[in-house]
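Results of the structural survey
Here are the chains, one letter per residue:
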There are 2 protein chains.
Amino acid sequence: MISAQHLYPAGQITLREVGLRDGLQLVRRFPSTEAKKQWLRQEYAAGVRHFEVGSFLPASRMPQFADVRELIDETARLGAWSSALALNERGAMDACAAGVDEIINVISATEEHSQANMRRSRADAVELVRRSKALSAASDHKPLVNAGIAMAFGCSIAGEVKPEDVLRLAEGCLEAGADAIGVADTVGFAGPTQVAALTRQLVDLCGDIPVLVHLHDTRGMAVVNAAAAIDAGARALDGSLGGLGGCPFAPGATGNAVFEDLVFLCERMGVPTGIDLAALIAVRRILETEMPEEELHGALARSGLPPRVKWTA
Amino acid sequence: MISAQHLYPAGQITLREVGLRDGLQLVRRFPSTEAKKQWLRQEYAAGVRHFEVGSFLPASRMPQFADVRELIDETARLGAWSSALALNERGAMDACAAGVDEIINVISATEEHSQANMRRSRADAVELVRRSKALSAASDHKPLVNAGIAMAFGCSIAGEVKPEDVLRLAEGCLEAGADAIGVADTVGFAGPTQVAALTRQLVDLCGDIPVLVHLHDTRGMAVVNAAAAIDAGARALDGSLGGLGGCPFAPGATGNAVFEDLVFLCERMGVPTGIDLAALIAVRRILETEMPEEELHGALARSGLPPRVKWTA
């Protein structure tokens, strides 16, 4: 059986590559399955162990995730951990059948966004966590269920989000059996003070259950917010290679936290990542080849590693 | 007489626009004097009060700073504060005669960089601080003397820089009469842990004398390092509009901390800047028109301000 403590060990920071899912949400064309497998293999070789590889949705709606099962298999073959989104019960069943290591359910922090984006209430979203847990328990592989709270730091529709609302939802997800709680700055509204405060409250609430923080760089704050989350006790951070993935609510804006820059941040903060940064940066070549129209971001890829100093943890 | 406590009040964060100096250090073509004045005026209207406007060097060497005196006058006319680099005694004399509010002397943190870049010892650089103070005292306007320690977090030539060396140099500068001490991450090697530690030690050493932190975004750490510097008691931070200014040691890399993003960071951290961010972003138009071949950076300019939430301090 998979344990959250094993996937996200206490006292460590786990970096999750979400480029194969969140990164591909809005791209104009997407990599071939073979290229995605190369992406997985090369990042694995660079030291990455956690991959969000797709979403269980009808392929007619999101053709970029039609190969999610193959990528789950490839991740397992490598000896790494896979996660995938499941946004309804059918998705959770499929995810369990596919042998994914971690199912991610998404709960909107605000009722307005929940209705507009998912056409359901927040309470229904929490119920899916409970149902996913039951499906997991009844499955062979028994994946973890990760409850990710979107718009946790501000909502593109409702505006301000009260931390109490996020904490109440997290409590509901824990009660429903969630193995990990995530909070996402989906639209890049957060600053470090806010991230630190909410992360700390969540860590207090969650106890042994890992708290994951998913940041977007829409307003340039992903790195500083990541540092704040680390200091506040987050167990894992999400990023995508080259910051792949835009923001549907801010056309042209940057997307996910840049994975390479998060590695540099962690190492510079004395937090070992086990990731070879030069090897990681080299994987960008796959994205450049497969998605030439997508703008990749990231300072390390432009500047190179700092010469003549020890910058690793 | 100008007082450092007045220019950099305790308990506040002052943001300095250095685009007109550091930003223009490496550009292919530079704005007309009239465009620079527009830049000053429009940023002043947006709430910016501190401008580094040039360098006192022979115009034959750095033609982009030939109009430094006119910009000092324009800054005074607006009622803002001007600073300018003086890298030798002649420069300091000229700066005093021009009525600048603050002379910036630069001291390399390492002997290797001091010799390679300035062809003088660090001790000679500290002596220039003493000489600048004497020239200031003998002048009408009596500008502040700001001792800026370059390569304070890592050196492109010597590699690692010991904090003790920076503190010893800072002590020498204080003894020589410096009114403010700056430390610069000239090549973007620093991470937040390092910035916090050195800033804290400097603040302890400097007492009432303000500590200024000058960050480059070469490796994407400018914002997180700025947050660390603020938390550690820095009194002022430097940035340039659009992050203008590259890094001579990392071609193609990003340059100064992006001024707009620093404003957002501060406001999001509850630190009021008095700057209208939308008005500030609009000033980028001047740079785009005058220097179309320069790549401007900055997340806020791409994404826009966060809608429907209160993000100001």
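The rules behind these values
Residues numbered from 1 in each chain as written. Chains lettered and ligands numbered in written order. Predicted model: local features only at pLDDT ≥ 70, side-chain atom pairs only at ≥ 80, totals over all residues. Heavy atoms only, no water. Helix = DSSP H or I, 4+ residues; strand = E, 2+ residues; numbered from the N terminus. Expected span 1.5 Å × (residues − 1). Buried < 20%, exposed > 50% of the residue type's maximum accessible area, 1.4 Å probe, protein only. Contact = heavy atoms within 4.5 Å. Pairing = 2+ DSSP bridges. Right-handed = clockwise from strand over helix to strand, strands pointing away. Least-squares fit on C-alpha atoms with pLDDT ≥ 70 in both. Axes fitted to C-alpha atoms, helices over the stretch in contact; angles between N-to-C directions. Phe/Tyr/Trp six-rings, centres within 6.5 Å; stacked < 30°, edge-to-face > 60°. Lys NZ or Arg CZ within 6 Å of the ring centre and 35° of its normal. Parallel < 35°, antiparallel > 145°, perpendicular 65-115°, else oblique. Left-handed = near helix turned anticlockwise from the far one by under 90°. Nonpolar A, V, L, I, M, F, W, Y, C, P; charged D, E, K, R; others polar. Salt bridge = Lys/Arg side-chain N within 4 Å of Asp/Glu carboxyl O. Polar contact = N/O pair within 3.5 Å; in protein donor to acceptor, adjacent residues only side chain to side chain. Disulfide = S-S within 2.5 Å.

If you check an unreviewed UniProt entry, chain A appears there as Hydroxymethylglutaryl-CoA lyase from Thalassobius vesicularis.

Time to look at helix α8 (residues 192-206) of chain A. Counted at 1.5 Å a residue, the expected span for α8 of chain A with its 15 residues is 21 Å, and the 20 Å between its end C-alpha atoms agrees. Buried within α8 of chain A we find Pro192, Val195, Ala196, Leu198, Thr199, Leu202 and Cys206 of chain A. Looking at the buried positions of α8 of chain A, the neighbouring elements they touch are α7 (163-175), β6 (180-185), β7 (211-215) and α9 (222-231) of chain A together with α10 (259-268) of chain B. The first or second residue beyond α8 of chain A is glycine 207 of chain A, which carries a positive phi of 60°.

Turning next to the pairing of strand β2 (residues 50-56) of chain B. The side chains of a regular strand alternate between both faces of the sheet. Residues and elements named next belong to chain B. Of all seven residues making up β2, seven are buried, and the element is well covered by its neighbours. With two bridges connecting them, strand β1 (residues 14-17) and β2 associate as parallel partners. Across the sheet, the residue bridging to arginine 16 is histidine 50, located in β2. Pairing of β2 with strand β3 (residues 81-86), which is carried by six bridges, proceeds in the parallel orientation. Its bridge partner being in β3, glycine 54 is matched across the sheet by alanine 84. This β-α-β element, β2 to helix α3 (residues 68-78) to β3, shows right-handed connectivity.

The next point concerns the pairing of strand β6 (residues 180-185) of chain B. Residues and elements named next belong to chain B. A large share of β6 lies buried, amounting to six of its six residues. Going residue by residue along β6, you find Ala180, Gly182 and Ala184 tucked away on one face and Ile181, Val183 and Asp185 tucked away on the opposite face as well. The pairing of strand β5 (residues 144-150) with β6 spans four bridges and is classified as parallel. Its bridge partner being in β6, asparagine 146 is matched across the sheet by alanine 180. The parallel pair β5 and β6, bridged by helix α7 (residues 163-175), forms a crossover whose chirality is right-handed. In this fold, the crossover linking β6 to strand β7 (residues 211-215) by way of helix α8 (residues 192-206) has right-handed handedness.

It is worth spelling out the relation of the copies chain A and chain B at this point. Here chain A sits on chain B after a turn of 180° about the axis and a move of 0.0 Å along it, with an RMSD of 0.0 Å. Here the symmetry operator amounts to a two-fold rotation axis. For chain A, the minimum C-alpha distance to the rotation axis belongs to valine 224 of chain A and amounts to 2.0 Å. When the interface residues of chain A are mapped onto chain B, 100% of them are again interface residues, pointing to one common binding face.

This part covers the sheet that holds β5 of chain B. Residues and elements named next belong to chain B. Read around the closed barrel, the eight strands follow the order β1-β2-β3-β4-β5-β6-β7-β8; overall the barrel is parallel. The sheet shows a mean angle of 30° between the axes of neighbouring strands, direction not considered. Sitting on the sheet, helix α9 (residues 222-231) touches β6, β7 and β8 (236-239), and the angle it makes with β7 is about 170°.

All names here are of chain A. Applying the stated rule across the entire model yields two aromatic pairs over all chains. Here phenylalanine 264 and tryptophan 311 contribute two aromatic rings whose centre-to-centre distance is 5.4 Å and whose plane-to-plane angle is 45°, an arrangement assigned as tilted. A residue pair is termed long-range when its members are at least 10 positions apart, and phenylalanine 264 in helix α10 (residues 259-268) and tryptophan 311 in the segment after α13 (299-303) qualify at 47 residues. Here phenylalanine 264 falls in the buried class, since its relative accessible area comes to 0%. On the basis of relative accessible area, tryptophan 311 is assigned to the buried category, the value being 10%. Here arginine 49 stacks its cationic end above the ring of tyrosine 44, 3.7 Å away from the centre of that ring.

Once that is clear, we can look at the packing of α7 of chain A against α8 of chain A. Residue and element names in this part refer to chain A. Where α7 contacts α8, the two axes come as close as 11 Å, and the packing angle between them is 30°. Classified by the angle their axes make, α7 and α8 are roughly parallel. Here α7 runs over α8; the crossing is right-handed. Packed against α7, whose contacting residues are Pro163, Val166, Leu167, Ala170, Glu171 and Leu174, the element α8 presents Leu198, Gln201, Leu202, Leu205 and Cys206 at the interface. Residue composition of the contact of α7 with α8, grouped by class: nine nonpolar, one polar and one charged.

Counting residues at the interface gives 42 residues for chain A and 42 residues for chain B. Between chain A and chain B we count two salt bridges in total. Of the charged contacts in the structure, one is a salt bridge between glutamate 295 of chain A and arginine 302 of chain B, with a shortest N-O distance of 2.9 Å. At the junction of chain A and chain B, the tally comes to 13 residue pairs in polar contact (both at pLDDT 80 or more). Residue composition of the side of chain A that touches chain B, by class: 21 nonpolar, 12 polar and nine charged.

Once that is clear, we can look at the pattern of salt bridges. Residue and element names in this part refer to chain A. Inspection of every chain in the model, using the stated rule, returns 43 salt bridges over all chains. Here glutamate 52 and arginine 21 are joined by a salt bridge, their closest N and O atoms 2.7 Å apart. Of this pair, glutamate 52 sits in strand β2 (residues 50-56) while arginine 21 sits in the loop between β1 (14-17) and α2 (33-46); the two residues are 31 residues apart in sequence, bridging distant segments of the chain. What makes arginine 21 buried here is its relative accessible area of 10%.

Moving on, we come to the packing of α9 of chain A against α9 of chain B. Interaxial distance between α9 of chain A and α9 of chain B falls to 7 Å at its minimum, and their mutual angle equals 50°. Here α9 of chain B runs oblique to α9 of chain A, going by the angle between their axes. Our pair here, α9 of chain A against α9 of chain B, has a crossing hand that is right-handed. Of α9 of chain B, the residues touching α9 of chain A (which contributes Val223, Val224 and Ala227 of chain A) are Val223, Val224 and Ala227 of chain B. Residues belonging to the contact of α9 of chain A with α9 of chain B are distributed by class as follows: six nonpolar, no polar and no charged.

Summarising the element assignment, threonine 193 of chain B is placed in helix α8. The class for threonine 193 of chain B is partly exposed, based on a relative accessible area of 42%. Sequence separation of threonine 193 of chain B and arginine 235 of chain B is 42 residues, and the distance between their C-alpha atoms is 18 Å. Contact partners of threonine 193 of chain B, with chain neighbours within four places excluded, come to Arg268 and Met269 of chain A.

Here we come to the state of the cysteines. Per the counting criterion, the structure on display carries zero disulfides over all chains. You can see cysteine 206 of chain A has no disulfide; the closest cysteine sulfur is in cysteine 173 of chain A, sitting 9.3 Å from it. Free cysteine: cysteine 96 of chain B, not disulfide-bonded; nearest cysteine sulfur from cysteine 173 of chain B at 17 Å. The buried category is assigned to cysteine 96 of chain B, whose relative accessible area is 8%.

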